[in-house]
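Chains, contacts and geometry: an overview
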Amino acid sequence: STGNELRAVAAGLAEPYPRVWSVGAPSGNIVLVGDATNVDADRVATQAAADPAPAWLTPPGAIARLIAGTSPLRDPGARGV
């Protein structure tokens, strides 16, 4: 399912990035973000909510809880996997 795929991709991002968060819209589009620079998620959330097509931000803590115990999605053809 799409939810399982989302969790698997987020779990994969969580391996190299200390923070993973997402921005989603009611239309169902979700952008997952691997963050190594401590982006100001509150600022992103405010701007996303103020957009003519508002979106919401799921913060790193919520993503961490969502992906706990999830196996990361891997590309079997990628080097180093």
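Now for a description of the structure that goes with this document.

About the criteria used
Residues numbered from 1 in each chain as written. Predicted model: local features only at pLDDT ≥ 70, side-chain atom pairs only at ≥ 80, totals over all residues. Heavy atoms only, no water. Pairing = 2+ DSSP bridges. Helix = DSSP H or I, 4+ residues; strand = E, 2+ residues; numbered from the N terminus. Axes fitted to C-alpha atoms, helices over the stretch in contact; angles between N-to-C directions. Core = buried A, V, L, I, M, F, W, Y, C linked by side-chain atoms within 4.5 Å. Buried < 20%, exposed > 50% of the residue type's maximum accessible area, 1.4 Å probe, protein only. Contact = heavy atoms within 4.5 Å. Parallel < 35°, antiparallel > 145°, perpendicular 65-115°, else oblique. Left-handed = near helix turned anticlockwise from the far one by under 90°. Nonpolar A, V, L, I, M, F, W, Y, C, P; charged D, E, K, R; others polar. Polar contact = N/O pair within 3.5 Å; in protein donor to acceptor, adjacent residues only side chain to side chain.

In this section: the sheet that holds strand S1 (residues 19-24). Pairing is antiparallel in the open sheet, where 3 strands are placed in the order S2-S1-S3. In this open sheet, the two edge strands, each paired with only one partner strand, are strand S2 (30-35) and strand S3 (56-58). The mean inter-strand angle of the sheet, taken between neighbouring strand axes irrespective of direction, is 20°. Two elements, S1 and S2, share 6 bridges in a ladder whose sense is antiparallel. When the sheet's bridge partners are listed, serine 22 is paired in S2 with leucine 32.

All right, on to the nonpolar core then. In this structure, Trp21, Val23, Ala25, Ala41, Ala48, Ala55 and Leu57 together form the largest nonpolar core, which totals 7 residues. Elements that contribute at least two residues to this core include exactly S1 and helix H2 (41-50). Leave out the neighbours within four places in its chain, and valine 23 touches Asn29, Ile30, Val31, Val44, Ala48, Ala55, Trp56 and Leu57. Ala10, Ala11, Val20 and Ile67 belong to the second-largest nonpolar core, a separate cluster that totals 5 residues.

Looking now at the packing of helix H1 (residues 2-14) against helix H3 (residues 60-67). Running from amino to carboxyl end, H1 crosses H3 at an angle of 115°, the nearest separation of the two axes being 9 Å. Looking at the two axes, H1 sits roughly perpendicular to H3. For the element pair H1 and H3, the recorded crossing hand is left-handed. From H1, Leu6, Arg7, Ala10, Ala11 and Ala14 reach across to H3, where they touch Ile63, Leu66 and Ile67. Partitioning the contact of H1 with H3 into residue classes produces 7 nonpolar, no polar and 1 charged.

Turning next to unusual backbone geometry. Here the phi dihedral of asparagine 38 falls at roughly 60°; this positive angle occurs in a residue that is not glycine. Relative to the helices and strands, asparagine 38 resides in the loop between S2 and H2. Among the residues examined, asparagine 38 registers a relative accessible area of 55% and is labelled exposed.

Once that is clear, we can look at the side chain of aspartate 35. Here aspartate 35 lies in strand S2. Of the polar contacts made by the side chain of aspartate 35, one reaches the backbone nitrogen of valine 39; its length is 2.9 Å. Discounting residues that sit within four places of it in the chain, aspartate 35 has contacts with Tyr17, Pro18, Arg19 and Trp21.

Remember that the coordinates give geometry; whether it matters functionally is a separate question.
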